[in-house]
Amino acid sequence: MKTWTLSAALVALAACSSQKVCPRGQAACGNTCTAIATDVNNCGACGVSCGFGGTCSAGQCICAVGLATCTGICVDPASDPAHCGSCGQACTSTSPFCSTTAGGTACATSCAAGQTACGNACVDLASDPFHCGACGRFCGSSEKCIDQQCMADLYLACGDTNQLAEASADLTPAGTTYTVGTRPVSLDWLGGRLYSADSIGGSLSELRFDLPAPNPVSISRTFSIDKTTAFPDLEFVAAGGGLLYVSNSALANLDVVDPFSGAVMAAVHLDPNGTDLFTGPAGIALANGKAYVALNGADAIAVIDVSQCQPVPPACGAGGDCSAHAGTACVNGLCVPTGCGQFLQRIALPPSLASTPNGPTPYRLLQVGSRLYVTLQNLDRTTPNFAPGGEGRLAAVDLLTNALVPGISGPLFVSLPAPCQNPGELVALGDTLYVACGFFDFFGTKATQGNAIVTVSLATDPPTPQAAIATQDVLSPIASCGGAVYAGATDTGTVVRYDPVTGQLTRAPLCPPDSNGNAFVADLTCRPGL
Amino acid sequence: MTRLSLAQRGMAACALACVLAVPARVARGGEPEPPTFQEEEVVVRLPRAEASTDPTASASVVDARRFAGEVKGVAELIATAPGVAVQDYGGLGHLTTVSIRGATADDVKVLLDGIPLNTAAGGGVDLSSIPSAWIDHIEVVRGAEGAHAGTGALGGVVNVVTKPAAAGAWSAQASGGSFTTLSASADAAVGGDRWAVLGAATAEGTDGRFPYLYDPTGTGSGGLVGAVRDNDAVRTGGALFKAWSAVGGGRVDALAQVSGGRRGLPGWPTLTPNDWQEDLRAVGTARLGQPLGPSLFGSAQLTGRYDRLDVDIQQLGPHVFHQRGLAGSARGEVQWLHRAGTLTVAGSAGLERLTADGAGARQRPEWAIGVSEDAALLAGRLRLAPALRFDRVGSYSGFSGKLGAMLRLFGPVSLRASAGRTFRPPSFAELFLQQGILEPNPDLVSEQAWTGDAGLVAEGALGLVSAGAFASLYRDLIVYERGSFGLKPFNDGKASVRGLEIEAASAPVRRLLGLSGAVAYTLLLSENLRGAPEVVGRDLPYRPRHRLYARVALEESAWGAHVEAHWVGSAFFDPQNIRPYSATTTFHAGGNVRLLARPDLRLALEVKNFLDDRTVVDAFGNPLPARTILFTVRVGNPDRG
């Protein structure tokens with residue numbers, strides 16, 4: 001019995017020593033990892049709240065920009081009735097409210113029009129980061145209050161740490177991080193909420209910005225899209241018309257998802273003839289009631305009719321009854337129009353578009369006017385590491401005819417400026433396309449190649465390749481806001497900011513490395529309206 | 001001469017048998033036994049709970065003859081034991097691996113007649129590559145067994161023991177049925193009083209085109225679509241040669257085995273109609289056992305193994321992946337029968353070489369030295385079995401230890417308890433393989449395991465009942481996480497597994513149509529002890545908490561029948577425990593009828609998955625075969641075999 005007792009004690013002792021492992025620079029506070037360098041509710045350590053007026057910088061609570069320190073505490077002299085306009089300037093019982101208007105800051109008998117009294121402080125709930133949407137509902141570090149919601153400028157899908165991260169437009173880390181499903185790879189906005197496609201987790205996570213204090217921004221739901229596949233692989237999420245569209249690579253489907261119930265309304269198989277060795281649905285673009293899906297493995301673009309997919313579908317009745325809703329059928333508990341998600345055609349991308357003998361490998365799509373531009377990675381599938389087999393290119397689809405835009409001989413393609421290889425995502429800023437490029441020779445020399453942000457002018461027809469801004473990072477996701485272009489690195493957690501006006505290129509590590517030191521920015525997006 | 005207690009004599013006899021394992025039917029003094037003509041007798045075979053290599057360990061011994069005439073592979077046989085989980089990747093001759101007490105397939109040591117089949121490449125052993133026609137019995141030993149079996153036995157050991165070379169024994173069997181599944185095997189042994197030779201050959205095949213149902217949307221909404229499995233064909237075969245001969249006062253044993261085949265790799269959910277795999281394994285060993293004195297016995301053994309694997313996965317490009325492995329070792333052992341028991345000292349040295357695309361040519365020497373004791377105390381009521389072994393494998397080294405005890409309480413009831421620790425050096429694949437999205441990590445350290453168990457065992461004329469609890473701690477587990485670009489192995493895993501293992505088998509009224517019943521239940525509570533907060537404290541993925549196997553059989557001399565049920569509880573795909581998968585229950589049934597008494601000619605029918613559940617899938621989501629009907633004709637020597 002001694003052996004048993006000894007072994008049981010040993011195992012019990014060891015079992016107690018569980019380790020919660022967080023990305024570097026983060027700590028496990030409760031059951032989530034948080035960035036204690038910037039989290040106002042866990043600043044420097046779990047449970048340390050910076051309180052009203054405080055912000056968290058490098059793990060230290062400090063007063064937010066625009067606030068004053070009065071008797072050792074952060075106060076907002078624009079609204080604090082005890083320090084109205086300046087420290088110690090207290091309002092009296094006859095004019096108890098502190099209000100700031102165009103005429104300046106003063107004690108008043110009531111708050112001005114458009115202001116809300118939080119105690120005796122007159123605030124604008126729409127823009128006050130310390131009373132954002134409700135009294136005392138304060139935003140995170142470097143977050144702004146936009147229309148009563150706390151928001152940062154940039155949101156990143158950090159693929160290695162299973163988190164969403166926030167940053168300001170100048171690449172300062174903001175707010176905190178939010179744990180989502182496994183391996184987030186793609187982001188898009190719908191109804192003021194941010195949705196993340198979690199590739200390996202086979203799920204969508206929803207980040208909401210309208211929740212009550214003390215965590216006004218939180219992951220509210222993670223709903224499973226692929227429930228049956230052992231190894232799910234979601235590649236992309238696009239929002240439009242009140243619905244979410246997901247590239248389901250494991251099943252070669254386009255999933256149409258109702259964001260309210262999280263149910264898949266339609267799962268459209270993208271290889272209806274069963275001819276693909278690998279279909280590989282990747283980027284999605286929505287236009288004219290259709291969903292266009294780049295088929296990375298099949299060298300084609302699938303066209304799906306989604307015009308019948310209506311948002312907020314009614315729930316099925318008992319026993320899946322949809323008789324009250326003509327033209328619908330019960331799918332996953334929802335009465336979905338029977339025409340929702342009809343496979344229409346494939347637009348084949350011929351070998352003439354490719355710079356390698358092994359297909360053009362389309363990746364991401366972007367609608368500009370009546371055209372759909374598609375990046376062609378031109379990977380060589382015969383190499384063990386799918387290395388670039390040639391230059392990166394663009395092709396274009398005419399959305400009116402659903403055919404490739406013709407060129408001088410054969411379909412039009414644009415050679416992206418050197419050194420661009422393995423082009424990823426593309427974004428339009430004015431009449432210029434910006435394309436993120438780069439390849440990491442993981443299997444060979446470990447070197448990177450083709451790293452750049454390249455530009456293509458749409459002012460001409462055909463589009464004209466322009467400049468290449470070489471970068472040290474392997475870039476793939478890209479977004480544009482506030483007049484700048486942001487691209488994420490897939491070999492590090494770095495985000496690159498390019499200012500087209502000044503030509504200045506800055507970079508900052510924003511996705512934290514995991515416990516093994518690995519980080520990558522799988523996707524990034526700007527907050528709407530920025 | 002020193003008088004030995006009964007238990008001591010038993011152990012001494014065991015030690016002798018290990019060296020001088022002459023067939024039981026050879027009479028003392030070398031005189032052959034007179035021929036016996038038995039009355040027709042019902043022989044009901046039941047599992048046992050004592051492994052020859054570690055008698056105090058928590059173990060199950062599965063007698064293959066109990067399932068004679070049934071088309072069962074190694075995986076199906078060991079799935080009848082508690083603590084064991086087999087993963088059947090596709091069924092019908094496809095990859096099958098074993099997990100014991102929640103350990104991965106890499107952490108279970110699989111032996112063929114004591115020869116390790118685990119290669120330095122890693123990835124565990126494909127049980128479907130061991131032809132089932134040759135099996136005599138399988139010992140399943142649960143818990144860290146490194147002190148007895150060497151590195152890699154974190155979860156336990158599966159020792160597949162082939163038929164003995166018993167002169168005069170012969171049998172032949174042919175099966176055929178659903179999905180053009182065919183198999184044939186034959187074996188025969190000749191010999192005399194001081195030698196015997198066994199030859200066996202087998203061939204199996206199936207086209208694997210079985211129907212199944214699947215959910216093309218992945219939403220689990222129940223809208224199932226029918227399909228037929230394609231590129232699922234399997235063709236395998238093999239040959240076995242075993243021989244022994246008395247040499248002087250000792251004995252020489254030799255074994256040579258070759259098996260291999262070709263399998264289609266159908267893929268899931270992306271179908272891969274052109275992918276395939278070919279494998280070949282050859283094993284050879286020769287062993288000399290010799291008394292060295294009145295209470296001293298020695299043995300020397302040479303072993304070699306060759307493994308060959310070619311895989312074509314077209315998604316990875318037009319390259320056939322090649323892997324070649326060659327291993328050789330020499331082992332020496334001395335056993336000393338002393339007053340209290342048997343002391344064994346063993347040493348071995350060898351070299352393993354592996355050449356694989358993406359990993360290059362690698363080799364590593366290994367050597368080990370171990371000492372173990374099997375002592376009987378308290379007039380034989382208490383049996384203590386400490387063991388200690390040091391292994392060096394390439395640049396990795398460490399100790400494995402085990403302390404086992406068995407206390408006879410009353411009648412057939414005894415209490416067994418054991419505790420052990422061992423380790424597994426990283427495999428060549430983990431250290432060096434760079435292929436697809438896999439990245440190597442040369443900085444890995446060995447995985448480690450500490451295990452403990454205790455239980456009551458009653459084994460007697462009525463059968464077997466055992467019930468035990470166990471706890472295991474696995475540390476520095478090698479898990480693949482995202483590396484700089486693909487997936488890279490790290491020593492980031494830590495997990496505890498605890499639970500219960502219950503096994504019962506009995507033939508209470510043998511005159512009642514040879515009725516017997518068997519049940520094996522496993523409660524397995526796994527807990528992830530290291531990782532992100534959302535995974536710590538959760539169940540390990542693919543580790544069902546409950547497993548139950550039950551069988552009822554009737555065995556008369558002229559006919560037999562059986563029905564079996566396997567219930568595997570639900571588990572999770574993911575470490576966050578967000579994505580569950582359902583429990584499954586499958587039923588099998590069969591029967592046989594004797595057509596001729598001499599030779600013993602029987603016709604058997606077996607129906608696997610007789611409820612025709614077409615939604616059953618493996619851990620990768622591959623569909624598993626629908627109802628499979630197989631007919632078998634079996635003939636053999638009724639007096640030998």
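Heads up: the structure comes first, above all this text.
Everything numeric here is computed off the predicted structure, so don't read it as measured data.

A. Representation of the pairing of strand E38 (residues 448-457) of chain A within the structure. Residues and elements named next belong to chain A. In terms of burial, E38 is a largely internal element, eight of the ten residues being buried. Of the pairings in the sheet, the one linking strand E37 (residues 432-440) to E38 comprises eight bridges and is antiparallel in character. If you follow Cys-437 over to E38, its bridge partner there is Ala-452. Note: E38 against strand E39 (residues 464-470), five bridges, orientation antiparallel. By the bridge assignment for E39, Ala-452 is matched with Ala-470. In sequence, E38 turns back onto E39 through a hairpin of six residues.

B. The interface of chain A and chain B, seen in detail. Between chain A and chain B, the residue contacts involve 53 residues of the former and 56 residues of the latter. Mapped onto the side of chain A that touches chain B, the elements with two or more residues apiece are helix H1 (2-16), strand E1 (19-20), strand E3 (32-35) and strand E24 (264-269) of chain A. Here the side of chain A that touches chain B takes nine residues from H1 of chain A, the largest share from any one element. Looking at the side of chain A that touches chain B residue by residue, the class counts come to 25 nonpolar, 22 polar and six charged. Alignment of E1 of chain A against strand E27 (residues 530-531) of chain B, held across two bridges, turns out to be parallel. Following the sheet pairing, Lys-20 of chain A is matched in E27 of chain B by Gly-531 of chain B.

C. Region of interest: the sheet that holds E39 of chain A. Residues and elements named next belong to chain A. With respect to topology, four strands assemble into an open sheet ordered E36-E37-E38-E39, the strand pairing being antiparallel. The sheet is open, and its two borders are formed by strand E36 (426-429) and E39, each paired with just one other strand. On average, each strand axis in the sheet is inclined to that of its neighbour by 25 degrees, with strand direction left out of account.

D. Structural view of the environment of Ala-254 of chain B. All names here are of chain B. Structurally, Ala-254 is set in strand E14 (residues 250-264). According to the C-beta neighbour criterion, Ala-254 is partly exposed, with 17 such atoms within 10 Å. The sequence separation of Ala-254 and Lys-242 amounts to twelve residues, and the corresponding C-alpha distance is 5.7 Å. Among all residues touching Ala-254, those that are not within four sequence positions of it are Ala-243 and Ala-286.

E. Main features of the nonpolar core. Leu-156, Met-265 and Val-293 of chain A are the most contacted members of the largest nonpolar core, which totals 135 residues. Considering each element in turn, this core owes the most residues, seven residues, to E37 of chain A. Leave out the neighbours within four places in its chain, and Leu-156 of chain A touches Leu-164, Ala-165, Ala-167, Gly-488, Val-495, Leu-510, Cys-511, Val-521 and Leu-524 of chain A. Judged by nonpolar contacts, the second largest core, of 71 residues, contains Ala-51, Leu-112, Ile-130 and Leu-240 of chain B.

F. Fine view of the pairing of strand E33 (residues 393-398) of chain A. Residues and elements named next belong to chain A. Judged by how many residues are buried, E33 sits mostly within the fold: five of six residues are covered. For strand E32 (residues 371-376) and E33, the ladder comprises six bridges, and the chain directions are antiparallel. In the strand pairing of E33, Arg-371 is matched with Asp-398. Here E33 runs beside strand E35 (residues 413-415); their pairing, made up of three bridges, is antiparallel. Within E35, the residue paired with Leu-394 across the bridge is Val-414. Between E33 and strand E34 (residues 403-404), which follow one another and run antiparallel, lie four residues, and Asn-402 among them has a positive phi close to 55 degrees.

G. Molecular detail of unusual backbone geometry. Backbone torsion omega between Trp-268 of chain B and Pro-269 of chain B reads -5 degrees, so that peptide bond is classified as cis. For Pro-269 of chain B, the position within the fold is in the loop between E14 and strand E15 (276-293). The omega angle of the peptide bond from Arg-598 of chain B to Pro-599 of chain B is 0 degrees, so this bond is cis rather than trans. Of note, Pro-599 of chain B is situated in the loop between strand E32 (584-596) and strand E33 (600-608). Notably, Arg-183 of chain A is not glycine yet its phi reads approximately 60 degrees, a positive angle. Looking at the secondary structure, you find Arg-183 of chain A in the loop between strand E16 (173-179) and strand E17 (184-190). A tally of 23 C-beta atoms within 10 Å means that Arg-183 of chain A is categorised as buried.

Reading the values: rules and limits
Residues numbered from 1 in each chain as written. Chains lettered and ligands numbered in written order. Predicted model: local features only at pLDDT ≥ 70, side-chain atom pairs only at ≥ 80, totals over all residues. Buried ≥ 20, exposed ≤ 12 C-beta atoms within 10 Å, placed from the backbone. Helix = DSSP H or I, 4+ residues; strand = E, 2+ residues; numbered from the N terminus. Pairing = 2+ DSSP bridges. Contact = placed C-beta atoms within 7 Å. Nonpolar A, V, L, I, M, F, W, Y, C, P; charged D, E, K, R; others polar. Axes fitted to C-alpha atoms, helices over the stretch in contact; angles between N-to-C directions. Core = buried A, V, L, I, M, F, W, Y, C linked by C-beta atoms within 7 Å.

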